[in-house]
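# Summary of the model geometry
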Amino acid sequence: IDGPTADAIHRHRELLREIAVERIAVELRKLLCGAFAADILLAYSDVLAVVIPEIAPAIGFLQHNPHHCYDVWEHSVRAMAAVPPDPVVRFVLLLHDLGKPETFSVDEAGVGHFYNHGRASAGIAREVCQRLRLDRHTSETVERLVRCHDVEIPLTEKGIRRQLRRLGEEDLRRLLQIKRGDNLAQHPAYLGRQEHIRQLEQPLDVVLQEDQCFSLKQMA
């Protein structure tokens, strides 16, 4: 973007309040799935904050945790850019940690923690979806996946069946993508978790191929 144009975008960002939220939602979806989404979101975070003010506390918020090498906002953006351009998955990753600033605490060793940030982030996601007037199915899916983005899934068929009952196949596969992106935006020392996420796909495929029962509607 040309320099003077970029300056004008920042300077006149408040004019976005005059644009219909439905139009903003359409353009935001295109942006999130774009090839250079991360670069734009980091360079124009003040512009996006006009439409999603909940991102403002995350910008520059240091996590003080060995798992993380980025602040909350940059972690969220890089996690979003690390997954395929599924608009739901990318929107979830954009919002998944916005509850961290309000749940932040530091232990005696000076390590930062964010207990129950998934629940706080889900509440924020619900408000954002409502403001953008997203359809009910998308809103509920985004909120649900934000809420459970950090849930631990046992590497067993029983654990997979439990999550299938809770989420269904499509959203469980989305959750694995979300976990993959979340981990790829953490400190490189913890990228070994990618293998665990990959291994979760094996029992998932087995449960589905064998048509194992994981919900009441499947019972004879």
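Residues numbered from 1 in each chain as written. Predicted model: local features only at pLDDT ≥ 70, side-chain atom pairs only at ≥ 80, totals over all residues. Heavy atoms only, no water.

If you trace the backbone, L145 turns up in helix α9 (residues 136–147). Under the relative-accessibility criterion, L145 is labelled buried at 0%. Counting along the chain gives 65 residues from L145 to M80, while the straight-line C-alpha distance between them is 14 Å. When near neighbours in sequence (up to four residues on either side) are disregarded, L145 contacts V88, V92, L167, D171, R174, L175 and I178. (Helix = DSSP H or I, 4+ residues; strand = E, 2+ residues; numbered from the N terminus. Buried < 20%, exposed > 50% of the residue type's maximum accessible area, 1.4 Å probe, protein only. Contact = heavy atoms within 4.5 Å.)

With that out of the way, let us pick up unusual backbone geometry. Peptide bonds are mostly trans, and most non-glycine residues show a negative phi. Positive phi is not limited to glycine here, since H64 has a value of about 50°. Position of H64 relative to the elements: it lies in the loop between α4 (45–51) and α5 (72–81). Taking the relative accessible area as the measure of exposure, H64 reaches 47% and is therefore partly exposed. Residue R133 is not a glycine yet carries a positive backbone phi of 55°. Examined against the element boundaries, R133 turns out to sit in the loop between α8 (117–131) and α9.

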